[in-house]
Amino acid sequence: MIRNKHKNHVHTTLSDKHFELLKKHKEKFGTQQKVLEFALESLENNSKRKLGQLEDEQVWVLTGRGTESASVLHIEAFKVLLEGADVKHIIKIMENQKMAEHMIAWYYQKPLKKCSLKEVMDGLIFFLRASKVADTVNYLEYDNYYILKMIHDLHIGTSRMFGMWIATMFESYGLKTESEISEKSLFMKIYKNPAVGQN
């Protein structure tokens, strides 16, 4: 039994330039339909390829644009700077400038509070991975909370710094967090319910 494939009809007009392109490529593909189908599939594949580049090779360039990053620094140089840094002062700047909140808003192009909690978590992971300061960073989702896990090879000041940076953002978002900090790690519980911990 032969089944007829359902065909969708498209009726449109083209500029002279694009009609000439269609005629030119029709010689190669045989029909106008095949030219248009190939063009649409190419457009779709190109979009996916660009998204992959955005998330991978070009991410450090784009995170520097619009997020007020000053420079790209080799991790070893970053370690040396942190060793002599006034971590309390850096934490204060991060809190006052609401850096994490600004980065998430820039990433999704909407205010932090308009983002879903899943978007906030994914955006946070995106920036922590892009910064290359952590060896591993990910999160696990449970019924009532998320657990953020960050393992690094810096010093305890880094754990405190990122812990405060992240906690301040979730405070702005309206959620409570609990952190367990060690020299090389940060484990943070982010409660999904804004009422948790309120009296």
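Let me begin by describing the structure that accompanies this report.

Some points on helix α6 (residues 99–108)
So, step 1. Looking at α6, one finds that the buried residues are A100, M103 and I104. Buried residues of α6, seen end-on, are gathered within an arc of 95 degrees and therefore sit on one face of the element.
So, step 2. Immediately downstream of α6, the backbone of Q109 shows phi near 60 degrees, a positive value.

Topic: the pattern of salt bridges
So, step 1. Considering all chains together, one arrives at five salt bridges under this definition.
So, step 2. A salt bridge links K118 to D122; the shortest N-O distance between them is 2.9 Å. Note that K118 and D122 are positioned in helix α7 (residues 117–131) at a spacing of four residues, about one turn of the helix.
So, step 3. Judged by relative accessible area, which is 29%, D122 ranks as partly exposed.

Digging into the side chain of S185
So, step 1. In this structure, S185 sits in strand β4 (residues 185–191).
So, step 2. A distance of 2.5 Å separates polar atoms of two side chains, one belonging to S185 and the other to S182.
So, step 3. Ignoring any residue separated from it by four or fewer positions in sequence, one finds S185 in contact with M150, I151, H152, S159 and E180.

Thoughts on the packing of aromatic side chains
What characterises a pair of aromatic rings is the spacing of the ring centres plus the angle enclosed by the ring planes.
So, step 1. A complete count under the given rule lists nine aromatic pairs for this structure.
So, step 2. Consider the rings of Y107 and Y108, whose centres lie 4.8 Å apart with planes at 75 degrees: the pair is edge-to-face.
So, step 3. Given the relative accessible area of 22%, Y108 is considered partly exposed.
So, step 4. Arranged with centres 6.2 Å apart and planes meeting at 65 degrees, the rings of Y145 and Y191 form a pair that is edge-to-face. Of this pair, Y145 sits in strand β2 (residues 145–152) while Y191 sits in strand β4, and the two are 46 residues apart along the sequence.
So, step 5. An aromatic cluster is built from W106, Y107, Y108, F126 and F127, whose rings are joined through pairwise contacts.

Some words on the pairing of β2
So, step 1. Bridging between strand β1 (residues 134–141) and β2 involves seven bridges; their strand directions are antiparallel. Across the sheet, the residue bridging to V137 is M150, located in β2.
So, step 2. Summarising the sheet, β2 and β4 pair through seven bridges and their orientation is antiparallel. Looking at β4, one finds that M150 is bridged to L186.

Looking at the environment of Y107
So, step 1. Structurally, Y107 can be placed in helix α6.
So, step 2. When its relative accessible area of 31% is taken as the criterion, Y107 is described as partly exposed.
So, step 3. Along the primary structure Y107 and F126 are separated by 19 residues, whereas in three dimensions their C-alpha atoms are 9.3 Å apart.
So, step 4. When sequence neighbours within four positions are dropped, the list of residues in contact with Y107 reads G123, F126 and F127.

Some thoughts on the nonpolar core
Note on soluble globular proteins: their nonpolar side chains tend to be buried together.
So, step 1. Counting 33 residues, the largest nonpolar core has L148, I166 and F170 as the members making the most contacts within it.
So, step 2. Within the residue set of this core, elements represented by two or more residues are α6, α7, β1, β2, α8 (156–173) and β4.

Here we look at unusual backbone geometry
So, step 1. The phi dihedral of Q109 is positive, around 60 degrees, even though this residue is not glycine.
So, step 2. Note on placement: Q109 falls in the loop between α6 and α7.
So, step 3. In this structure Q109 comes out as exposed when scored by relative accessible area, which is 62%.

Conventions and cut-offs
- Residues numbered from 1 in each chain as written.
- Predicted model: local features only at pLDDT ≥ 70, side-chain atom pairs only at ≥ 80, totals over all residues.
- Heavy atoms only, no water.
- Buried < 20%, exposed > 50% of the residue type's maximum accessible area, 1.4 Å probe, protein only.
- Helix = DSSP H or I, 4+ residues; strand = E, 2+ residues; numbered from the N terminus.
- Arc of directions from axis to C-beta.
- Salt bridge = Lys/Arg side-chain N within 4 Å of Asp/Glu carboxyl O.
- Polar contact = N/O pair within 3.5 Å; in protein donor to acceptor, adjacent residues only side chain to side chain.
- Contact = heavy atoms within 4.5 Å.
- Phe/Tyr/Trp six-rings, centres within 6.5 Å; stacked < 30°, edge-to-face > 60°.
- Pairing = 2+ DSSP bridges.
- Core = buried A, V, L, I, M, F, W, Y, C linked by side-chain atoms within 4.5 Å.

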